[in-house]
Amino acid sequence: MSSTHSPNILVFDVNETLLDITTLTPLFTRLFDDQAIFREWFAQLVLYSQTMTLSGLYTPFGDIGVGALSMIADIYQITLTESDIDELKDRMGNMPAHADAIPALTRLREAGFRLVTLTNSPSSASPTPLEKAGLSDFFEHHFSIEAVSKFKPAPETYQLVADTLTVDLSDMCLVACHLWDTIGAQAAGCQSAFVTRPHNTMLPAANVPEPNFVASDLLSLAEQIISSKEFQ
């Protein structure tokens, strides 16, 4: 879905796009003696969050994350302790920024773009994960899907941002490293920018919309977006 104009508002996904979720890996290596189980857990977390939305149900993202860990532990016959669950929560709340996040956000802010976030995670008391990572001040607003009790890529999540900012969906560009998120944003009427972080890539299948911008890191993606504005 191509666009004829440069987006004015960049809507950033948070987990894995801005914050490095691989810092959770040591927990899975310790519990399962296999760091690959981390990706299995994350896939289940995304799967069941979307399943809840499709079923008309809602449970906070963090609770689903704990449940997914318990489910996988049952599958692999691992006994979880309360300290294991506490470690998961602690690691989820203290993920560092990716190295390319601050340079990219700085360039985009200097270029005059409005920056906001949209996350599946619930809002939290200060200091928030983005504050701890040193990223919060780049954004004028932080949106959580808890306001609509539906997880991305439900169209209501992107509409929440447009309605609150009083803009058209076509004026927004979702920036994410998850193709399911960019697909949802484009289907709702937004543009999208896709950063192909490890374990995230294109889906070559019919009717899957290609993102408007694609790059392997956020800084390169930012330069593409800025160029689209300059050459408009």
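Residues numbered from 1 in each chain as written. Predicted model: local features only at pLDDT ≥ 70, side-chain atom pairs only at ≥ 80, totals over all residues. Heavy atoms only, no water.

Peer 1: Report on the sheet that holds strand β5 (residues 191-195), specifying residues and quantitative values.
Peer 2: Read across the open sheet, the six strands follow the order β3-β2-β1-β4-β5-β6; overall the sheet is parallel. For this open sheet the edge positions go to β3 (141-144) and β6 (213-215), each flanked by a neighbour on one side alone. Across the sheet, the axes of successive neighbouring strands diverge by a mean angle of 20°, strand direction being ignored. Both strand β4 (residues 172-176) and β5 contribute to a ladder of four bridges, which runs parallel. The residue bridging Leu 174 from the neighbouring strand is Ser 192, located in β5. Strand contacts of helix α9 (residues 218-230): β1 (9-12), β4, β5 and β6, with the helix running at about 150° to β6, the strand carrying the most contacts. (Pairing = 2+ DSSP bridges. Helix = DSSP H or I, 4+ residues; strand = E, 2+ residues; numbered from the N terminus. Axes fitted to C-alpha atoms, helices over the stretch in contact; angles between N-to-C directions. Contact = heavy atoms within 4.5 Å.)

Peer 1: Requested: an account of the packing of helix α1 (residues 25-32) against helix α3 (residues 61-75), with residues and values cited.
Peer 2: Two elements in contact, α1 and α3, have axes separated by 12 Å at closest approach and are oriented at 25°. As judged from the angle between their axes, α1 and α3 are roughly parallel. Every pair of crossing elements has a handedness; the one defined by α1 and α3 is right-handed. Mapping the contact onto sequence places Phe 28, Leu 31 and Phe 32 in α1 and Leu 69, Ile 72 and Ala 73 in α3. (Parallel < 35°, antiparallel > 145°, perpendicular 65-115°, else oblique. Left-handed = near helix turned anticlockwise from the far one by under 90°.)

Peer 1: Run through unusual backbone geometry, naming residues and quoting values.
Peer 2: Among all residues save glycine, negative phi is the norm, and among peptide bonds the norm is trans. Of note, the bond from Ser 126 into Pro 127 is cis; its omega dihedral lies within 30 degrees of zero at 0°. With an omega of 15°, the peptide bond between Lys 152 and Pro 153 qualifies as cis. You can see Pro 153 is positioned in the loop between β3 and α7 (155-165). With a phi angle near 70°, Asn 207 is a residue other than glycine that sits in the positive phi range. Structurally, Asn 207 can be placed in the loop between β5 and β6.

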